[in-house]
Amino acid sequence: MSKLKVLVVEDEVAMAESLRTGLTEAGFAVDVAADGEEGLWYAGEVDYDAIVLDLMLPKVNGFVVCRTLREREDWTPILMLTAKDGHLDEAEGLDTGADDYLTKPFHEAELMARLKALLRRRSGQLSQVITLNGVSLDEASQRVCSEESAW
C-alpha cells in the first residue's frame, strides 16, 4: 500500500522541517512548499490526501490558497495551521473552505489526531448508511441500494 501524501505549506523553515520530520516518521509522504504560490502549484500537480496550510504566507496568503483550491473544486482536506488565534481569523479560515484550524504553538499529538480525523472523513470511515422502506443510501460513496441488491 502506498503512503498517504501530505502537502505542508509553511514559510518558517524550522516549522516546515519539524512538520516534515514528524509526518514522515508517522508514515506519510510529505512535500513542503515555502509560499502560497508554490503551494497552489504543488496542489495542482499532485493528488494529495491532505494539506497542512499556514495562514500567513509570502506571495499568496493561506486564505487565498484555500479559497482558490475550493474554487478549482479541489476538495482535499485542509488543516489550517497558524499563529493567528482570533475567532474572526478562525471563522474566516473555515469559511474559505478549511476543514480544521489549529493554532501555534501546538502539540504534535494534536496535529496528528486532527490530520487522521480529516483523513478518516475523506476515506468514508465515518460514513453513515441511511435506510428507509428497503432503500439504503451510503453517504460516503453516494450509492443507493435496495434490499435485493448488494453493495
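Since we're looking at a predicted model, the values are computed, not measured.

I'd like to hear about the overall build of the chain, residue by residue, with values.
The secondary structure content of the chain amounts to five helices and eight strands. Secondary structure elements of the chain, listed N to C terminal, follow the sequence β-α-β-α-β-α-β-α-β-α-β-β-β. Scored against the burial criterion, the 151 residues of the chain give a buried share of 42%. Taking as baseline every contact in the chain between residues at least 6 positions apart, the subset at least 24 positions apart corresponds to 53%. Of the accessible surface of the chain, which amounts to about 8,800 Å², a share of 50% is contributed by carbon and sulfur atoms.

So, the pattern of salt bridges: which residues are in play, and what are the values?
Applying the stated criterion across every chain, the model contains nine salt bridges. Lys104 is paired through a salt bridge with Glu10; the nearest N and O atoms lie 2.9 Å apart. Here Lys104, found in the loop between β5 (100-103) and α5 (108-123), pairs with Glu10, found in the loop between β1 (5-9) and α1 (13-25); they are 94 residues apart in sequence, far enough to count as distant. Like Lys104, the residue Glu10 is buried in the burial classification.

Break down the environment of Glu92 for me, with residues and values.
For Glu92, the location among the structural elements is in helix α4 (residues 87-95). A relative accessible area of 34% means that Glu92 is categorised as partly exposed. Considering only alpha carbons, one finds Glu92 and Phe63, 29 residues apart in sequence, at a separation of 7.6 Å. Aside from chain neighbours lying at most four places away, what touches Glu92 is Phe63 and Arg67.

Outline unusual backbone geometry, listing residues and values.
Cis geometry is adopted by the peptide bond preceding Pro105, which originates at Lys104 and carries an omega value of -5°. Positive phi outside glycine occurs at Lys59, with the angle close to 70°. Residue position: Lys59 is located in the loop between β3 (50-54) and α3 (62-71). Judged by relative accessible area, Lys59 falls into the exposed class, the value being 64%. Even without being glycine, Glu73 reaches a positive phi, approximately 60°.

Tell me what's going on with the sheet that holds β5, and back it up with residues and numbers.
The strand order across the open sheet formed by five strands is β2-β1-β3-β4-β5, and the pairing between neighbours is parallel. Both outer strands of the open sheet, β2 (29-33) and β5, are each paired with one neighbouring strand and no more. Geometrically, the sheet is characterised by an average inter-axis angle of 20° between neighbouring strands, direction not taken into account. Pairing analysis gives four bridges linking β1 to β3, with the strands arranged parallel.

Go over the pairing of β1 with me, naming the residues and quoting the values.
For β1, a buried count of four out of five residues is recorded, marking the element as mostly surrounded by other parts of the structure. Relative to β2, β1 is paired through five bridges, and the arrangement is parallel. Directly across from Val8, in β2, lies its bridge partner Val32. On the question of chirality, the crossover connecting β1 to the parallel β2 by way of α1 is right-handed.

What counts as what
Residues numbered from 1 in each chain as written. Predicted model: local features only at pLDDT ≥ 70, side-chain atom pairs only at ≥ 80, totals over all residues. Heavy atoms only, no water. Helix = DSSP H or I, 4+ residues; strand = E, 2+ residues; numbered from the N terminus. Buried < 20%, exposed > 50% of the residue type's maximum accessible area, 1.4 Å probe, protein only. Contact = heavy atoms within 4.5 Å. Areas by Shrake-Rupley, 256 points an atom, 1.4 Å probe, with all protein chains shown as cover. Salt bridge = Lys/Arg side-chain N within 4 Å of Asp/Glu carboxyl O. Pairing = 2+ DSSP bridges. Axes fitted to C-alpha atoms, helices over the stretch in contact; angles between N-to-C directions. Right-handed = clockwise from strand over helix to strand, strands pointing away.

Take it as geometry only, folks, not as evidence of what the structure does.
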